[in-house]
Amino acid sequence: MFRSVVLGAFVAGVVVSQSVRGYAAEPSSSGWTITLKANAGMSPAWEGSNSLSPYLVPGLGIRRAGTPQAFSAPDDSPSFALLDVGWLKAGPAGRLKGPRKASDHAELRGIHDIDWTLEAGGFAEFWPIEKFRLRVEARHGFLGHHGNVVDVSADWIERRGPWTVSFGPRMSAGDTRYMDQVFGVTAQDALINGSLPAYRAGGGMKSAGVSGAISYEWSKAWTTTIYADYRRLVGSAGASPITAGLGSRDQFTFGAIAAYSFDWPGL
């Protein structure tokens, strides 16, 4: 599940943002600050799986020199704020979800494959106060699935010197086209698998949970982050034979990010 976030730095695994989230100061110098990231951890092998698989993915951030590092939760989709008025930010967002192949997981024998999926859409962030962020993402799938998904997150953010701690609830929902593609079992699937019944997953709430992260700024150049994420699959996602019979409703992710920043005067 969370692997879609890790793989989700658009198609190339790159995040580019020129805006600053939160209550940021105006740039004090010209040029750009470039941040190179390495994100590693363990996440569900497939959405609904009860086993974890490792991941290691690079990332890239760009902001105007002189602005502080933007706050971004590890499970945010890569996004770019076209509208930025301090308390409200909005713009395009997208993520790339990895494939699910029965040939890679013995427990999925006979279950239909899901190709790589590009989910493209938009986001809106609300900052009623400096320490609280509410974020909503809505995305439509292409290739692997053609459904619609909505993610809602809230984060309380505490900054103490070099430390930044964030945590808050998470909720995800999907329409019938998305839910049935990911959690449904076709008649052919059931026949080939032999142990699972046919099942049609309906639209609605998919999961609820909580996510948290702790970051430490060692210097202007180096920052490290550790994070953990828990989601409980609910509704037709939790009731699916794929989840209940082959996997688990409880989904965990653990990871760490190392970020190196440097200034570049530009062209």
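What comes next concerns the included structure. Worth saying up front: this structure is predicted, and the values here are computed from it rather than measured.

Thoughts on the overall build of the protein
Then, number 1: A tally of regular secondary structure across the protein gives five helices and 11 strands.
Then, number 2: Split into buried and exposed, the 267 residues of the protein put 46% on the buried side.
Then, number 3: A total accessible area of about 12,500 Å² is found for the protein, and carbon and sulfur atoms account for 64% of it.

Here we look at the environment of Thr224
Then, number 1: Residue placement: Thr224 occurs in strand β10 (residues 222-233).
Then, number 2: Residue classification places Thr224 among the partly exposed residues on the basis of a relative accessible area of 31%.
Then, number 3: With 36 residues separating them along the chain, Thr224 and Tyr260 place their C-alpha atoms 8.9 Å apart.
Then, number 4: If near-sequence neighbours (up to four positions away) are discounted, Thr224 is found in contact with Ile214, Ser215, Tyr216, Trp218, Ile257 and Ala258.
Then, number 5: Within polar-contact distance, the side chain of Thr224 engages the side chain of Trp218 at 2.8 Å.

Observations concerning unusual backbone geometry
Then, number 1: Positive phi, normally seen in glycine, also occurs at Leu143, with a value near 80 degrees.
Then, number 2: With respect to the secondary-structure elements, Leu143 resides in strand β6 (residues 132-143).

Considerations on the nonpolar core
Then, number 1: Counting 10 residues, the largest nonpolar core is built from Ala45, Trp46, Ala102, Leu108, Ile111, Val185, Ala190, Leu196, Ile242 and Leu246.
Then, number 2: Filtering out sequence-adjacent residues up to four positions away, Ala102 remains in contact with Leu108, Gly110, Ile111 and Asp113.
Then, number 3: Listed in part, the nine residues of the second largest apolar core include Met179, Val182, Phe183 and Leu233.

Observations regarding a nonpolar patch on the surface
Then, number 1: A cluster of nonpolar side chains, contributed by Leu36, Trp218, Trp222, Tyr260, Phe262 and Trp264, occupies part of the molecular surface with about 640 Å² of accessible area.
Then, number 2: It is strand β11 (residues 250-264) that provides the largest number of residues to the nonpolar patch, a total of three residues.
Then, number 3: Topologically, Tyr260 is positioned in strand β11.
Then, number 4: Residue Tyr260 is classed as partly exposed on the basis of its relative accessible area of 33%.

Describing the pattern of salt bridges
Then, number 1: For the structure on display, the rule yields 22 salt bridges.
Then, number 2: Where Asp155 meets Arg170, a salt bridge forms, and the shortest distance between an N and an O atom there is 3.0 Å. Of this pair, Asp155 sits in strand β7 (residues 148-160) while Arg170 sits in strand β8 (residues 163-174), and the two are 15 residues apart along the sequence.
Then, number 3: Residue Arg170 is classed as buried on the basis of its relative accessible area of 5%.

Observations concerning the pairing of strand β9 (residues 204-217)
Then, number 1: Direction of pairing for β8 relative to β9: antiparallel, over a ladder of 12 bridges. Looking at the pairing, Ser172 lines up with Ser207 of β9.
Then, number 2: Bridging between β9 and β10 involves 11 bridges; their strand directions are antiparallel. Pairing of Ser211 across the sheet is with Asp229, part of β10.
Then, number 3: Counted between consecutive antiparallel strands, the loop separating β9 from β10 contains four residues.

Describing the packing of aromatic side chains
Then, number 1: All chains considered together, the criterion is met by seven aromatic pairs.
Then, number 2: The interplanar angle of 45 degrees and the centroid separation of 4.9 Å between the aromatic rings of Trp222 and Tyr260 together place this pair among those described as tilted. Residue Trp222 is located in strand β10, and its partner Tyr260 is located in strand β11; the two are separated by 38 residues in the primary sequence.
Then, number 3: Taking relative accessible area as the criterion, Trp222 reaches 43% and is therefore assigned partly exposed.
Then, number 4: Between Phe252 and Phe254, the aromatic rings sit 6.4 Å apart at their centres with planes inclined by 5 degrees, giving stacked as the arrangement.

Observations concerning the sheet that holds strand β3 (residues 83-84)
In a beta sheet, neighbouring strands pair by backbone hydrogen bonds and run either parallel or antiparallel.
Then, number 1: Read across the open sheet, the 11 strands follow the order β2-β1-β11-β10-β9-β8-β7-β6-β5-β4-β3; overall the sheet is antiparallel. The open sheet has two free edges, formed respectively by β2 (52-64) and β3, since each of these has just one partner strand.
Then, number 2: One ladder, built from 13 bridges, connects strand β1 (residues 32-44) with β2; its direction is antiparallel. By the bridge assignment, Asn39 is partnered in β2 with Val57.
Then, number 3: On the sheet, helix α2 (residues 176-183) packs against β4 (88-97), β5 (117-129), β7, β8, β9 and β10 and is oriented at approximately 80 degrees with respect to β9.

Rules used throughout
- Residues numbered from 1 in each chain as written.
- Predicted model: local features only at pLDDT ≥ 70, side-chain atom pairs only at ≥ 80, totals over all residues.
- Heavy atoms only, no water.
- Helix = DSSP H or I, 4+ residues; strand = E, 2+ residues; numbered from the N terminus.
- Buried < 20%, exposed > 50% of the residue type's maximum accessible area, 1.4 Å probe, protein only.
- Areas by Shrake-Rupley, 256 points an atom, 1.4 Å probe, with all protein chains shown as cover.
- Contact = heavy atoms within 4.5 Å.
- Polar contact = N/O pair within 3.5 Å; in protein donor to acceptor, adjacent residues only side chain to side chain.
- Core = buried A, V, L, I, M, F, W, Y, C linked by side-chain atoms within 4.5 Å.
- Patch = residues over 30% accessible without salt bridge, like charges linked within 9 Å, V, L, I, M, F, W, Y side chains within 5 Å.
- Salt bridge = Lys/Arg side-chain N within 4 Å of Asp/Glu carboxyl O.
- Pairing = 2+ DSSP bridges.
- Phe/Tyr/Trp six-rings, centres within 6.5 Å; stacked < 30°, edge-to-face > 60°.
- Axes fitted to C-alpha atoms, helices over the stretch in contact; angles between N-to-C directions.

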